[in-house]
Amino acid sequence: MHGTILRVGPLKPSLEERLAETYGAERLPDDDEERTSFLARNADAVTAVVTSGRTGVDAGLMAALPNLGAIVHFGVGYDTTDVDRATELGIGVSNTPDVLTDCVADTAVGLLLDTMRGLSAADRFVRAGRWPDEGNVPLTRKVSGTDVGILGLGRIGSAIAHRLDAFGCRIAYHNRHRVADSPYRYAASPAELAAQVDVLIVAAAGGANTRHLVDRHVLEALRPDGFLINVARGSVVDETALVDLLQHGRLAGAGLDVFAHEPEVPEALLSMDNVVLLPHLASGTVETRAAMEELTLANLDSFLRTGDLSTPVVAPNPALRKDI
Ligand code: 8YV
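Residue positions are counted from 1 within each chain, in the order its sequence is given. Only residues with pLDDT of at least 70 are given local features in this predicted model, and only at 80 or more are side-chain atom pairs given and counted; all residues enter the totals for whole chains, interfaces and linings. Hydrogens and water are ignored here; the side-chain numbers use all heavy atoms of the structure.

- In the annotation of an unreviewed UniProt entry, the entry for the protein chain reads Hydroxyacid oxidoreductase, and the organism field reads Gordonia terrae NBRC 100016.
- Its UniProt record gives the protein chain a comment under Sequence similarities (unreviewed entry), which states: "Belongs to the D-isomer specific 2-hydroxyacid dehydrogenase family." UniProt positions are given in the numbering used here, feature names are shortened, and annotations may be inferred rather than shown by experiment.

**Section: the overall build of the protein chain**
- Helix and strand counts for the protein chain stand at 13 helices and 13 strands.
- Against the 2.2 N^0.38 benchmark of 20 Å for 324 residues, the protein chain shows a C-alpha radius of gyration of 22 Å, consistent with a compact globule.
- With the C-alpha coordinates aligned to their principal axes, the bounding extent of the protein chain is approximately 70 × 50 × 35 Å.
- In the protein chain, which comprises 324 residues, the share counted as buried stands at 49%.
- We call two residues in contact whenever any of their non-hydrogen atoms come within 4.5 Å of each other. Here the analysis covers contacts within the protein chain between residues at least 6 apart in sequence; of these, 61% occur between residues at least 24 apart. Strands here mean DSSP runs of E at least two residues long; helices mean DSSP runs of H or I at least four residues long; both are numbered from the N terminus. For the radius of gyration, the atoms used are the C-alpha atoms, and the globule rule reads 2.2 Å times the number of residues raised to 0.38. Burial status follows relative accessibility: with a 1.4 Å probe on protein chains alone, a residue under 20% of its type maximum counts as buried, one over 50% as exposed, and anything between as partly exposed.

**Describing the side chain of aspartate 257**
- Position of aspartate 257 among the secondary structure elements: in the loop between strand 11 (253-256) and strand 12 (275-277).
- One buried charge, aspartate 257, has no salt-bridge partner; the nearest side chain with opposite charge is arginine 233, at 7.5 Å.
- Beyond its immediate stretch of four places on either side in the chain, aspartate 257 contacts Leu111, Asn230, Val231, Glu262, Leu278, Pro279, His280, Leu281 and Ala282. Here the positive residues are Lys and Arg and the negative ones are Asp and Glu; neither His nor the chain ends is included. Salt bridge, as used here, is a side-chain nitrogen of Lys or Arg placed within 4 Å of a carboxyl oxygen of Asp or Glu.

**Points about the environment of serine 144**
- Considering the arrangement of structural elements, one finds serine 144 in the loop between helix 7 (131-134) and strand 6 (147-151).
- Since its relative accessible area comes to 38%, serine 144 is described here as partly exposed.
- For the pair serine 144 and serine 52, spaced 92 residues apart in sequence, the C-alpha to C-alpha distance is 36 Å.

**Re the sheet that holds strand 13 (residues 312-314)**
- The sheet built from six strands is open, its strands ordered 2-1-3-4-5-13 with mixed pairing. Of all the strands in the sheet, the pair left with one neighbour each is strand 2 (26-27) and strand 13.
- In this sheet, strand 4 (residues 70-74) lies alongside strand 3 (residues 46-52) in parallel orientation, the contact comprising five bridges. When the bridges of strand 4 are listed, serine 52 appears paired with phenylalanine 74.
- Packed on one face of the sheet, helix 12 (residues 286-306) meets strand 1 (4-7), strand 3, strand 4 and strand 5 (92-94) and runs near 170 degrees to strand 4. Pairing between two strands is assigned when DSSP locates at least 2 bridges connecting them. Fitted lines through C-alpha atoms serve as axes, helices being fitted only where they are in contact, and the angles separating the N-to-C directions of these axes extend from 0 to 180 degrees.

**Topic: the packing of helix 5 (residues 101-117) against helix 8 (residues 155-165)**
- Remark: helix 5 packs on helix 8, axes separated minimally by 9 Å, with the N-to-C direction vectors making an angle of 50 degrees. By the angle between their axes, helix 5 is oblique relative to helix 8. Helix-helix and strand crossings are classified by hand; for helix 5 and helix 8 the assignment is right-handed. Mapping the contact onto sequence places Thr101, Asp102, Val104, Ala105, Asp106, Ala108, Val109 and Leu112 in helix 5 and Arg155, Ile156, Ala159, Ile160, Arg163 and Leu164 in helix 8. Small angles under 35 degrees read as roughly parallel and large ones over 145 as roughly antiparallel, with 65 to 115 read as roughly perpendicular and the rest as oblique. The hand of a helix crossing depends on one turn: near helix anticlockwise from the far one by less than a right angle means left-handed, and clockwise means right-handed.

**Examining the site of the ligand**
- Around the ligand sit Ser52, Phe74, Gly75, Val76, Gly77, Leu100, Arg233, His280, Ser283, Arg289 and Met292, and that is every residue in its neighbourhood.
- Residues adjacent in sequence count toward polar contacts only when both atoms are side-chain atoms; beyond that, a polar contact is any pair of N or O atoms within 3.5 Å, and within protein one must be able to donate a hydrogen and the other to accept it. Within the side chain of arginine 233, an N or O atom sits 2.8 Å from an oxygen atom of the ligand.
- The class makeup of the residues in the shell around the ligand is four nonpolar, five polar and two charged. Any residue with a heavy atom lying within 4 Å of a molecule or strand is counted as near it. Throughout, the ten residues Ala, Val, Leu, Ile, Met, Phe, Trp, Tyr, Cys and Pro are labelled nonpolar, Asp, Glu, Lys and Arg are labelled charged, and all others, Gly among them, are labelled polar.

**Let's talk about the sheet that holds strand 10 (residues 227-230)**
- Strand order in the open sheet formed by seven strands is 8-7-6-9-10-11-12, and the pairing between neighbours is parallel. Each edge of the open sheet is held by one strand with a lone partner, namely strand 8 (185-186) and strand 12.
- In this structure, strand 11 lies alongside strand 12, joined through three bridges in parallel fashion. The partner of leucine 256 across the bridge, within strand 12, is leucine 277.
- Helix 5 rests against strand 9 (199-202), strand 10, strand 11 and strand 12 of the sheet, and its axis sits at about 150 degrees to strand 10.

**What to know about helix 1 (residues 13-23)**
- Among the residues making up helix 1, those that are buried are Leu15, Leu19 and Tyr23. Along the axis of helix 1, the buried residues cluster in a sector spanning 40 degrees; they form a single face. Set apart from the buried face of helix 1 by more than 90 degrees, the exposed residues are Pro13 and Glu21.
- Among the structural elements, strand 1, strand 3, strand 4 and helix 12 are those in contact with the buried residues of helix 1.
- Positive phi appears at glycine 24, one or two residues downstream of helix 1, with a value of about 60 degrees. It is the directions from the helix axis to the C-beta atoms whose arc is reported.

Below, the structure written as structure tokens:
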């Protein structure tokens, strides 16, 4: 017997079904009162949680689940889970790396092309019937051969760089640590990186350590003819500063798959033709989401059978669990 598996927040419907059918997983109620009574009845039995970066598990929920051994995330990001607290408590944490790298990198390149070449804006122009009367759309900016800065040269940042190499782009990056043997130019800070490039692509992990890493100062360093692309987390960019600079013509455009308060998108962006707005879809293909589902279940299954996770961010440490 493996105790109760708890689902926290919405997940891919097929994953929710498999969790319920195979593991008899319970769903944590959203409503406060229902949640309290659910926890009063079930908290002691819960040994594993399955969640996503959209919801996560905070320190309060960890405290309410005394026998929790693992938090399994559907997705590569886990910034909504208090990983420091999980580590202290010996609770393992896993995510789904690698399987979504290609699709997120593809989306970043798509956003870059769309934003710089005004593809979505031109599509709106055609659909609005403006072509016959107005003729040409405004000229846009060349993508091939531009200087691109990548903030966060991890798996996804590297896959973006690899793709843009083929466009003849000159690539520079900033990362917490300089990447050994990287063929790309290193910039010592985000602002230094922004000052050297035409396009800044944000591919850094979210969370407290990277909050507003791209602040007003960095955005200003990008200059009025620069573009910002973000496929990471909305929290990495100071969204208020971004909107302000776009409104005042101090940035050429932005391509955004992520926002500070999803699914809220700042009203001011909705009417800007130099901005491309996507609803956090970067990993959203049939193939990738299926692979994420399998890896999520592989982690859960591994934890239940062996006590270890297959792609851990933090390994479970049952010795620490016993101390509390
Ligand atoms: C979403 C993502 O998490 O993997 C991530 O970190 O941002 C996306 O893949 C996925 O949609 C699950 O919410």
